[in-house]
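An overview of the molecular structure
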Amino acid sequence: MRVRVASRKSALALQQTRWVISSLAAHLPGWTFEVVPIVTQGDRMLDVSLAELGGKGLFVSEVEQALLDGRADIAVHSLKDVPAEVADGLALAGMPPREDPRDVLIARSAESLADLPPGARVGTSSLRRMALLRALRPDLRIEPLRGNIDTRLRKLAEDGFDAIVLAAAGLKRMGWADRISAYLDPELFTPAVGQGVLAVECRADDRVLCEALRRWTDGPTRTAAMAERALLAELAGGCQVPVGGYATVGPDGRIHLRGMVADREGTCVLRAEARGDNPFEVGRAVAAALQAQGAGGVIAAAQGG
Ligand SMILES: NCc1[nH]cc(CCC(=O)O)c1CC(=O)O
C-alpha cells in the first residue's frame, strides 16, 4: 500500500507530517508514505490578518482540496486550525496522542507573565490570547504578530517585543522547548479547542485508510477533541471569536471540559465546566452554561469589534 500525504509546507507542518508518517509506518508494516507539499493561500499571505483573509479554515481548505481531487490520500492538520464543521466527503479519522495543550510565554528576560515589566509589549494575533492577556495583565501592550512559529520567534528579537505567546505543542515538536520561559496554567489561560492535537484526514469513502487510521487513533485524545469541538460548534463554529476549550479524560473515561468565552478587551471573561461520559453532551452542557451567562451577546460583540 502506497499512501500520498498532503501537508502544508511550513517547517512545523512538515515536521508534524514526518512524525505522523513514522508513527503510521510503525503501525502498518509494508505500507509506504510519500509527502505531497501544498502551499496554501494562508501561507502566501502571512502579512494579512486571519480575520481579513476569512478565518482559520484557510490553512486547511486547500490541503483538503488535494484529497478531494485525488492528488493525495491523507492529510495532516493541527486540529486547532480545522473548522468545527469538516468538509463534505472527508473524515478526521486519525488522532495520535495529544502533545502538551498549554500556551507558553517566550520572554526576552521575564520568567513569568507576572514578571513582565508594566506596559511590556507582547505579540500575538490570536483573539483568545489577546483577551486572556488583557484580563490577567491590563497594563500590557498587545500588538499583532503573525507568521509561522519560526517567523514569530525571529520577530520576538527583531521587532522589539518583550514577549510572545505560542502553543507549547509546536515548540516541543520542533525541538525548541528550551525557548519556553513559562507555561501558562490551562485552568486560567484556557487553550484553543484542539490545541496540541494532530488530526489525520482521509476521504470518508476510503474504507481501508479510514479503518487503519481509526485503529491507530488514541482514544482519550479523540474523546477530549470531540468534547472541545462540540463546545466550539455550539458556540461559534467557524467564527473568529475569543473562545477556549480544554478537556481532559480520566482513567475511568470520564471527561472534564472547561470552556471560556471573552470579549476582545478581556473585561468580560465567562467560564463554565462540566463532567460526563459523552463528549457531545459535555460539550453541549458547557456551551449551555456559557450561553446562560450571556455568551451569545459577548460573541456577537467580539465579532463586530
Ligand atoms: N495557528 C497556528 C498554529 N496551529 C497549530 C499550532 C501549534 C501546534 C498545535 O496546537 O498543535 C500553531 C502555532 C501556535 O499557535 O503557536
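The residue numbering used here restarts from 1 in each chain and proceeds along that chain's sequence as written. Side-chain atom pairs in this predicted model are given and counted only at pLDDT of 80 or more, local residue features only at pLDDT of at least 70, and totals for whole chains, interfaces and linings cover all residues.

Concerning the sheet that holds strand β8 (residues 163-167)
When DSSP finds two or more bridges between a pair of strands, those strands are recorded as paired. Only DSSP runs of H or I covering at least 4 residues are called helices, and only runs of E covering at least 2 are called strands; the numbering of each starts at the N terminus. If you walk across this open sheet you meet the five strands as β7-β6-β8-β5-β9, and the pairing is mixed. Whereas interior strands pair on both sides, the edge strands pair on one side only; in this sheet they are β7 (141-143) and β9 (182-183). As paired strands, strand β5 (residues 103-107) and β8 are joined by five bridges and run antiparallel to one another. Looking across to β8, one finds that L105 is bridged to V165. Remark: residues whose backbone-derived C-beta atoms lie within 7 Å of one another are considered to be in contact. Here an axis means a line fitted to C-alpha atoms, over the contact stretch when the element is a helix, while the angle between two N-to-C directions is reported on a 0 to 180 degree scale. Lying over the sheet, helix α5 (residues 127-136) contacts β5, β6 (121-123), β7 and β8, oriented at roughly 175° with respect to β7. Against the sheet, helix α6 (residues 149-158) contacts β5, β6 and β8, and its axis sits at roughly 165° relative to β8.

Regarding the site of the ligand
Should the C-beta atom of a residue, placed from the backbone, lie within 6 Å of a molecule or strand, that residue is near it. Around the ligand, the neighbouring residues are S78, K80, D81, I149, L166, A167, A169, G170, Q195 and G196. Elements with a contribution of two residues or more to the shell around the ligand: β8 and α7 (168-174). Each residue is assigned to one class: nonpolar for Ala, Val, Leu, Ile, Met, Phe, Trp, Tyr, Cys and Pro, charged for Asp, Glu, Lys and Arg, and polar for all the others, Gly among them. Residue composition of the shell around the ligand, grouped by class: four nonpolar, four polar and two charged. Residues from two domains meet in the shell around the ligand; each of domain 1 (2-97 + 197-217) and domain 2 (103-183) gives at least three. What marks off one domain from the next here is an automatic or database domain assignment.

Notes on the domain arrangement of the protein chain
Segmentation of the protein chain into domains returns domain 1 (2-97 + 197-217), domain 2 (103-183) and domain 3 (231-304). Of note, the centres of domain 2 and domain 3, computed from C-alpha atoms alone, are 24 Å apart. Tallying the contact residues gives eight residues for domain 2 and twelve residues for domain 3. For the side of domain 2 that touches domain 3, a count of residues per class yields six nonpolar, no polar and two charged.

Comments concerning the nonpolar core
By our criterion, buried Ala, Val, Leu, Ile, Met, Phe, Trp, Tyr and Cys residues that link up through C-beta atoms within 7 Å make up a nonpolar core. Between the buried cut of 20 or more and the exposed cut of 12 or fewer other C-beta atoms within 10 Å of a residue's own C-beta lies the partly exposed class, and all C-beta atoms are placed from the backbone. Ranked by size, the top nonpolar core spans 87 residues in total, and within it V122, A163, I164, L231, L235, V261 and V286 carry the most contacts. Aside from chain neighbours lying at most four places away, what touches V261 is L235, P242, V243, L270, L290, A295, V298 and I299.

Points about the sheet that holds strand β11 (residues 243-249)
The three strands are arranged β11-β12-β13 in an open sheet whose pairing can be described as antiparallel. On the outer flanks of this sheet lie β11 and β13 (269-276), each paired with one strand and no other. Neighbouring strand axes in the sheet, compared pairwise and without regard to direction, differ in orientation by 10° on average. Lying over the sheet, α5 contacts β11, β12 (255-262) and β13, oriented at roughly 80° with respect to β12. In the packing of helix α10 (residues 279-292) onto the sheet, contacts are made with β12 and β13, and the angle to β13 comes to roughly 150°.

Examining the environment of M95
Note that M95 resides in the loop between β4 (90-94) and β5. Expressed as a C-alpha distance, the spacing of M95 and T221, which sit 126 residues apart in the sequence, is 6.9 Å. Excluding anything up to four places from it in sequence, M95 contacts V197, L198, A199, T217, D218, T221, R222 and A225.

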